[in-house]
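# Structure assessment
Below are the chains, spelled out letter by letter.
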Amino acid sequence: MHSLLELPLLGLPVRFEAEDPAALDAVLAAYGEWRGLAAHPHLVPAPGEAPSARVRLRLRPPPPGGPPLEDAPPQVAVTGSRLLLAAPGARAEAELATSEASAVLDPRILADPARLRADVLDTLLLFLLTRRDRQPLHAAAVVHAGTAAVLAGPGGTGKSSLAWAAARAGLRVLSDDAVYLQLQPRLRVWGFDTPLHLLPDAAGPIPEGVPLRERGGRLKAAIPLPRDGSEPPVVERAVLCLLEPGGRRVSLQRIDPDGAIALLAESWEPGFDVFRDTLLPPLRALARAGAWRLRLSADPDEAIAAVRAVLGA
């Protein structure tokens, strides 16, 4: 008999099924913060609503005396509507046509829910849920007083370094790499709670003992950000801020919303370019609330005043 667990990830009902309750315990340890959405009824699906995605988990006993799980990045392939994933301790697939995913797991991966999430479940879930009015935008987002500055730019622009500077300055970080835009019934900007990833030599102090993980082919420090659960991982007020690196001084300029979207469209990156058509409507709604160009200096701390100005405006 299968055990069931349902969580409102990105505000969408996701059902997890497993024969072994230990698998669902690991899922809950990885995504348990989403249960806090129950305190915000307008953000969660109505009771009894059909799940937006199903994930089936099955355990496969490891061979006796087998070596420990390798520390290697997952391999992902997408063909049409199907995703295949292979990682140390896991084999998984997801199918858009049915909104279902399945994974066969080595039980040893359950001992590290963060690894289970980062290497397996996040990929499956985002593959399915981003087709449900949760369009992914390559951007960080920081929040103050309920308003988010969505800091967009290609890889290497400085999004994560700026998000880390904002966290140290007391701003709430919604995401350091990707946000998910919902258009209906109104514009919402969702974060997907993951560690903030920085190169070990990035500007700003990195806490001691932070683990290093391979991300985008490079080792990065995975910094867990404090979450007290008092605020949901979503905002309904946001402005768009396009980041440009390489300035000698920080500069901030308000720009036309259509011009901001045109600039973004020049730099769609692999993975995000799949959504270029469906992303445009929520992106227009975001830019209409305010669009800015922020040129960064070599020191991300110097841009915090400009970020606060954007949030204040």
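It should be noted that the structure appears before, not after, this text.
These numbers come from a predicted model, not from an experiment. (Residues numbered from 1 in each chain as written. Predicted model: local features only at pLDDT ≥ 70, side-chain atom pairs only at ≥ 80, totals over all residues. Heavy atoms only, no water.)

### Examining the overall build of the chain
Check the secondary structure of the chain and you find six helices and 19 strands. On the principal axes, the C-alpha backbone points of the chain span a range of 60 × 45 × 40 Å. A buried classification covers 46% of the 313 residues belonging to the chain. For the chain, restricting intrachain contacts to residue pairs at least 6 apart in sequence, the fraction spanning at least 24 positions comes to 69%. For the chain, the computed accessible surface area is about 14,900 Å², with 53% contributed by carbon and sulfur atoms. Taking the 34 positively charged and 36 negatively charged side chains of the chain as two groups, their mean positions are separated by 4 Å. (Helix = DSSP H or I, 4+ residues; strand = E, 2+ residues; numbered from the N terminus. Buried < 20%, exposed > 50% of the residue type's maximum accessible area, 1.4 Å probe, protein only. Contact = heavy atoms within 4.5 Å. Areas by Shrake-Rupley, 256 points an atom, 1.4 Å probe, with all protein chains shown as cover. Lys, Arg positive; Asp, Glu negative; His and termini not counted. Charge placed at Lys NZ, Arg CZ, Asp CG, Glu CD.)

### Some thoughts on the environment of L57
Secondary-structure assignment places L57 in strand β3 (residues 53-59). Put simply, L57 and E19 are 38 residues apart on the chain and 7.6 Å apart in space, counted from C-alpha to C-alpha. With residues near it in sequence (within four places) discarded, L57 still touches E17, A18, E19, A23, V27, A103, L105 and L121.

### A look at helix α2 (residues 113-129)
Relative to the 24 Å expected for 17 residues at 1.5 Å per residue, α2 spans just 20 Å between its end C-alpha atoms, considerably shorter than the ideal helical length. For α2, the tally of buried residues reaches 14 of 17 residues, placing the bulk of the element in the interior. (Expected span 1.5 Å × (residues − 1).)

### Some words on helix α6 (residues 304-312)
For α6, every residue scored as buried is listed here: I304, A306, V307, V310 and L311. The buried residues of α6 occupy an angular sector of 160 degrees when projected down its axis, which confines them to one face. Those residues of α6 that are exposed and aimed more than 90 degrees away from the buried face are A305 and G312. (Arc of directions from axis to C-beta.)

### Things to note about unusual backbone geometry
With an omega dihedral of 0 degrees, the bond running from Q184 to P185 counts as a cis peptide bond. Examined against the element boundaries, P185 turns out to sit in the loop between β11 (178-182) and β12 (188-190). For A145, which is not glycine, the phi dihedral falls at a positive 55 degrees. You can see A145 is positioned in the loop between β8 (135-144) and β9 (147-152). A relative accessible area of 61% places A145 in the exposed class.

### Looking at the sheet that holds strand β5 (residues 82-87)
Pairing within the open sheet is mixed, and its seven strands lie in the order β1-β2-β3-β7-β6-β5-β4. Where the open sheet ends on each side, the last strands, each with one partner, are β1 (3-9) and β4 (75-79). On average, each strand axis in the sheet is tilted by 15 degrees relative to the strand beside it, whichever way the strands run. Where strand β6 (residues 90-95) lies against strand β7 (residues 100-105), six bridges are found, and the strand directions are antiparallel. Counterpart to E95 in the pairing with β7 is E100. (Pairing = 2+ DSSP bridges. Axes fitted to C-alpha atoms, helices over the stretch in contact; angles between N-to-C directions.)

### What to know about the environment of V274
Among the structural elements, V274 can be located in the loop between α4 (257-265) and α5 (276-288). For V274, a relative accessible area of 56% translates into the label exposed. As for V274 and P136, which are separated by 138 residues in sequence, their C-alpha atoms are 9.7 Å apart.

### Details of the side chain of S52
In this fold, S52 is placed in the loop between α1 (21-31) and β3. Here S52 is in contact with L12, P13, S99, L129 and R132, once residues within four sequence places are set aside.

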